[in-house]
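Below, each chain spelled out in residue letters.
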Amino acid sequence: QVQLVESGGGLVQAGGSLRLSCAATGRIFSIIDMGWYRQAPGQQRELVAAMITGGSTNYADSVKGRFTISRDSAKNTVYLQMNSLKPEDTAAYYCNAHLHNTAFRYLELWGQGTLVTVSS
């Protein structure tokens, strides 16, 4: 069974930093891409940042210059470094991955979500 295990998140003051981690575990053959989404109360889930194998990245305009996505391919882990946090960054953050398991089955997975709260 393949799953995504998230860590990080918490409460931080505006202007502070947090780092989220997401590890893909289980019988993985290859990872196509990994990324982070967020969902604030009453709002739709939105893409924050994503990285495809090879290193190309995509960021939401609202986080460009403040958030950085990176990946440790050896550990099948993606990180989201969040700097200069703002109260509007408060949301549940979800890791997302598209991959093939060792049975060559294509999977889209979601993490359990981790809460980020930024106080003003």
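No experiment lies behind these values; they were computed from the predicted model shown. All residue numbers refer to positions counted from 1 along the written sequence of the respective chain. Since the coordinates come from a predicted model, pLDDT governs what is reported: local features require at least 70, and pairs of side-chain atoms require 80 or more to be given and counted, while whole-chain, interface and lining totals use all residues. Excluded from the side-chain calculation are hydrogens and water; included are all heavy atoms of the structure.

Peer 1: Go over the pairing of strand S8 (residues 77–82), please, and point to the residues and values.
Peer 2: Counting buried positions along S8 gives 5 out of 6 residues, so the element sits mostly inside the fold. Note: strand S3 (residues 18–25) against S8, 6 bridges, orientation antiparallel. Paired with Ala23 across the bridge in S8 is Thr77. Burial here depends on accessible area, computed with a 1.4 Å probe over protein chains only, as a share of the maximum for the residue type. Under 20% is buried, over 50% is exposed, and the range in between is partly exposed. Put simply, DSSP marks the helices as runs of H or I at least four residues long and the strands as runs of E at least two long, and each gets a number from the N terminus on. The pairing criterion is simple: DSSP has to find at least two bridges between the two strands.

Peer 1: Please provide a residue-by-residue account of the nonpolar core, values included.
Peer 2: Side chains of nonpolar character tend, in soluble globular proteins, to be buried together. Side-chain atoms within 4.5 Å link the members of a nonpolar core, which is a set of buried Ala, Val, Leu, Ile, Met, Phe, Trp, Tyr and Cys residues. If you look at the biggest cluster of nonpolar residues, it comprises 33 residues, and the most contacted ones within it are Met34, Trp36, Leu80, Met82 and Tyr93. Elements that contribute at least two residues to this core include exactly S3, strand S4 (28–39), strand S5 (46–52), strand S7 (67–72), S8, strand S9 (91–101), strand S10 (106–110) and strand S11 (114–119). Broken down by element, the residue count for this core peaks at 5 residues, all from S9. Apart from residues no more than four positions distant in its own chain, Met34 is found in contact with Leu4, Cys22, Ala24, Ala50, Met51, Ile69, Asn76, Val78, Cys95, Asn96 and Ala97. In this analysis, two residues are considered to be in contact whenever any of their non-hydrogen atoms come within 4.5 Å of each other.

Peer 1: Please give an account of the pattern of salt bridges that cites residues and values.
Peer 2: For salt bridges, the criterion is a side-chain nitrogen of Lys or Arg within 4 Å of an Asp or Glu carboxyl oxygen. Across all of its chains, the model carries 4 salt bridges by this definition. In this structure, Arg38 and Glu46 form a salt bridge, with 2.7 Å as the shortest nitrogen-oxygen distance. Between Asp89 and Arg66 there is a salt bridge, with the nearest N and O atoms lying 2.7 Å from each other. Here Asp89, found in the loop between S8 and S9, pairs with Arg66, found in the loop between strand S6 (57–59) and S7; they are 23 residues apart in sequence, far enough to count as distant. Given the relative accessible area of 0%, Asp89 is considered buried. Through salt bridges with shared partners, one network takes in Arg38, Glu46, Arg66 and Asp89.

Peer 1: Give a description of the sheet that holds S8 that names residues and reports values.
Peer 2: Strand order across the open sheet formed by 4 strands is S1-S3-S8-S7, with antiparallel pairing between neighbours. Because the sheet does not close on itself, it has two edges, and the strands there are strand S1 (3–7) and S7. Ignoring strand direction, the axes of neighbouring strands in this sheet form an average angle of 15 degrees. Where S7 meets S8, 6 bridges bridge the pair, whose relative direction is antiparallel. The residue of S8 that forms the bridge with Ser70 is Tyr79. Think of each axis as a best-fit line through the C-alpha atoms, taken over the contacting stretch in the case of a helix, with angles from 0 to 180 degrees between the N-to-C directions.

Peer 1: Please give an account of unusual backbone geometry that cites residues and values.
Peer 2: Non-glycine residue Asn76 carries a positive phi angle of around 50 degrees. Locating Asn76 in the fold gives a position in the loop between S7 and S8. Phi at Ser84 takes a positive value of approximately 50 degrees, unusual for a residue other than glycine. For Ser84, the position within the fold is in the loop between S8 and S9.

Peer 1: Account for the packing of aromatic side chains, with residues named and values stated.
Peer 2: Each aromatic pair joins two rings of Phe, Tyr and Trp (for Trp, the six-membered one) with centres within 6.5 Å, and gets the label stacked for planes under 30 degrees apart, edge-to-face for over 60, and tilted for any other angle. What the rule picks out here adds up to 2 aromatic pairs. Ring centres 4.7 Å apart and planes at 70 degrees place the aromatic pair Phe29 and Phe104 in the edge-to-face group. With a gap of 75 residues between them, Phe29 in strand S4 and Phe104 in the loop between S9 and S10 connect regions that are remote in the sequence. Assessed through its relative accessible area of 55%, Phe104 is described here as exposed.

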